[in-house]
Structures are given as C-alpha cells and as structure tokens.
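Examining the three-dimensional arrangement
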Amino acid sequence: MSDSTKPDPITKVSIIISKGSLEGIYPGLIMANGARAEGIEANLFFTFFGLDAIHKARHDHIKLATVGNPGLHMPTMAGGLPGVSTMMTHYMNHKMEQLDIPSIPEFVEMIADTGAGMYACKASVDLFGLEKNDFIDQVQDIITVGEFYERAAGGHIIFT
Amino acid sequence: MPNATVAGITVDRNDEGFFTDPNQWTEAMAPELARSEGIDELTDDHWRVLKFMRSEYAQKGTGPTVRVLGKTSGVSIKELYQLFPKGPAKTAAKIAGIPKPRGCI
C-alpha cells in the first residue's frame with residue numbers, strides 16, 4: 001500500500017446469521033452480497049433460527065417480528081393479534097420489491113452464485129432434528145463451530 | 001492516481017481509479033485498464049458487460065449493480081464473477097471508464 005496511513009482493506013468476512021425473522025436475516029445477506037460485490041471473500045454461517053433462511057420448506061415464509069420489536073412503533077398488543085405479522089411482512093416485502101431487493105430465497109441463491117460459502121451449524125441442525133436434505137442445494141456443508149473458525153481464518157467475523 | 005496515462009492519453013481518475021469524466025474513455029483503453037485489474041484478456045463476454053455498463057450509464061447517469069447486471073445484461077451472476085472475480089460491477093465500471101456504481105444490493 002502506497003499510503004502508510006491508510007488501513008489495510010478487508011479481504012475476507014464470515015457472517016453469522018442467527019435469527020429467523022425477516023429483519024434478522026436480511027442484514028446478513030446484504031452484507032455478504034455487498035462483500036462479494038467489492039471482491040471480498042465471504043462465508044455465510046447459519047445457526048439457530050437463522051437456519052430457516054436456507055430451509056427448503058421455510059425460507060419462502062420468513063416473517064417480520066411484530067412482537068417485541070419497538071422499531072415498528074406499534075403497540076406490542078397490536079403486534080400480537082392474529083394476522084398482523086403476516087400483514088406487516090406482506091407490506092415489507094412489497095416495499096422491498098419496489099426497491100428491487102430480492103426475496104430471501106432468490107437472494108440466498110444469488111449470493112451462492114457470487115461464490116460465497118454457505119454453511120449450516122451442526123449444533124443447531126442436531127437440536128432441531130434437521131438433516132442436509134432439509135436445506136437448499138446451495139448449502140455446502142453442515143459444520144461444527146471449530147470448522148467454522150477454521151474457515152473464518154484470516155478474515156473478520158460478523159454476528160447478526 | 002488522479003492523473004493517469006492510459007493508452008497514451010492523459011485521463012482524470014479519482015483515488016480509487018475510476019474515471020471522473022467518462023467522455024475521456026475510448027475502447028482502445030479497455031485492455032490496458034483490464035490488465036491493471038488482473039484481467040489479461042478481454043473476451044467477447046467481457047465486452048458484452050462493458051458495453052452494457054456504458055449504455056446503462058449513458059441512459060441513467062449511474063452504472064448498474066451486480067443484481068441489475070445479472071438480470072438484464074444477459075450474463076448470469078455466476079458468469080459475472082468468473083469474468084470479474086474482484087467484483088463485477090466495480091471492476092467492469094473501472095474498465096468501462098464510468099464512475100463506481102452505488103447501490104447496496
């Protein structure tokens with residue numbers, strides 16, 4: 001680097017997605033996709049409810065959390081009423097579509113196409129009684145936390 | 001980097017190496033720009049992307065993101081990353097002499 005005061009650029013990131021709500025999944029996906037667009041190596045590691053993002057039967061039905069989400073600025077009681085989460089999810093998806101943000105299934109596939117690694121957390125897979133077959137084909141492997149750290153070597157780890 | 005000579009002509013570029021005046025760019029500059037991005041030879045597929053970048057910029061005033069490229073340039077996301085491993089939209093913009101596309105997706 002010619003300018004010694006300039007910090008070294010980021011060359012690799014490993015992003016952990018641990019939540020299964022719409023607002024819990026998107027940020028990690030956006031960061032992974034953005035990393036690849038900058039030529040940064042990226043791995044995605046799905047753990048706990050974040051596994052829903054790569055679950056064949058579930059990833060098309062990810063919902064926005066309307067309870068316990070003060071950012072929505074709606075009364076918690078209202079957020080818990082039947083159908084409210086579905087309605088708010090629908091609204092959010094519609095807004096994102098207008099901005100040309102892909103749906104979660106499409107986005108995950110797109111990120112895999114960029115060459116990012118996709119892994120499921122073994123402890124969570126065991127906990128939920130899942131197997132490799134439950135996940136979309138883009139998932140390369142089910143790995144332990146130790147294997148995750150090996151793959152994350154030399155880069156930054158981002159937990160979402 | 002602000003002032004650089006590409007294919008024998010002096011051009012204005014920003015600190016990151018993007019052209020500040022896309023009108024200064026000519027097709028003859030592309031191979032040299034590509035080499036400095038680690039791409040030894042520009043194939044027809046590369047050119048398809050570069051021309052798409054130029055026409056999108058001319059129409060919209062900003063270059064397309066990778067997602068837009070994948071959807072509309074006729075080159076898939078997978079192929080785009082094979083053609084431009086260091087980031088398709090960013091690298092192609094640099095070689096095509098347009099500013100860096102801004103967009104989060």
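Above this text is the structure in question.
Residues numbered from 1 in each chain as written. Chains lettered and ligands numbered in written order. Predicted model: local features only at pLDDT ≥ 70, side-chain atom pairs only at ≥ 80, totals over all residues. Heavy atoms only, no water.

This brings us to the overall build of chain B. Counting its regular elements, chain B contains 5 helices and 2 strands. For chain B, the α and β elements follow one another from N to C terminus as β-β-α-α-α-α-α. Over its C-alpha atoms chain B spans a radius of gyration of 13 Å, differing by no more than 12% from the 13 Å that the globule rule assigns to 105 residues. Principal-axis analysis of the C-alpha atoms places the extent of chain B at approximately 35 × 30 × 20 Å. Classification of the 105 residues of chain B by burial places 48% in the buried group. Sequence-distant contacts in chain B: of pairs separated by 6 or more residues, those separated by 24 or more amount to 49%. Looking at chain B as shown, the accessible area adds up to about 5,300 Å², and 48% of this sits on carbon and sulfur atoms. (Helix = DSSP H or I, 4+ residues; strand = E, 2+ residues; numbered from the N terminus. Rg over C-alpha atoms; globule rule 2.2 N^0.38 Å. Buried < 20%, exposed > 50% of the residue type's maximum accessible area, 1.4 Å probe, protein only. Contact = heavy atoms within 4.5 Å. Areas by Shrake-Rupley, 256 points an atom, 1.4 Å probe, with all protein chains shown as cover.)

This part is about the pairing of strand β2 (residues 9–12) of chain B. All names here are of chain B. Note that strand β1 (residues 3–6) and β2 share 4 bridges and pair antiparallel. Counted as the bridge partner of T5 is T10 from β2. Where β1 folds back onto β2 in an antiparallel hairpin, the turn is made up of 2 residues, including A7, whose phi is positive at roughly 50 degrees. (Pairing = 2+ DSSP bridges.)

Bringing unusual backbone geometry into the picture now. Residues and elements named next belong to chain A. The phi torsion at F48 lies on the positive side, around 45 degrees, for a residue other than glycine. Structurally, the position occupied by F48 is in the loop between β2 (41–46) and α2 (76–79). One non-glycine residue with positive phi stands out, namely D100, at about 65 degrees. Its location among the elements puts D100 in the loop between α3 (84–98) and α4 (104–113). Residue D100 is classed as partly exposed on the basis of its relative accessible area, which comes to 28%.

Everything listed here is a matter of coordinates, which is why it stays silent on function.
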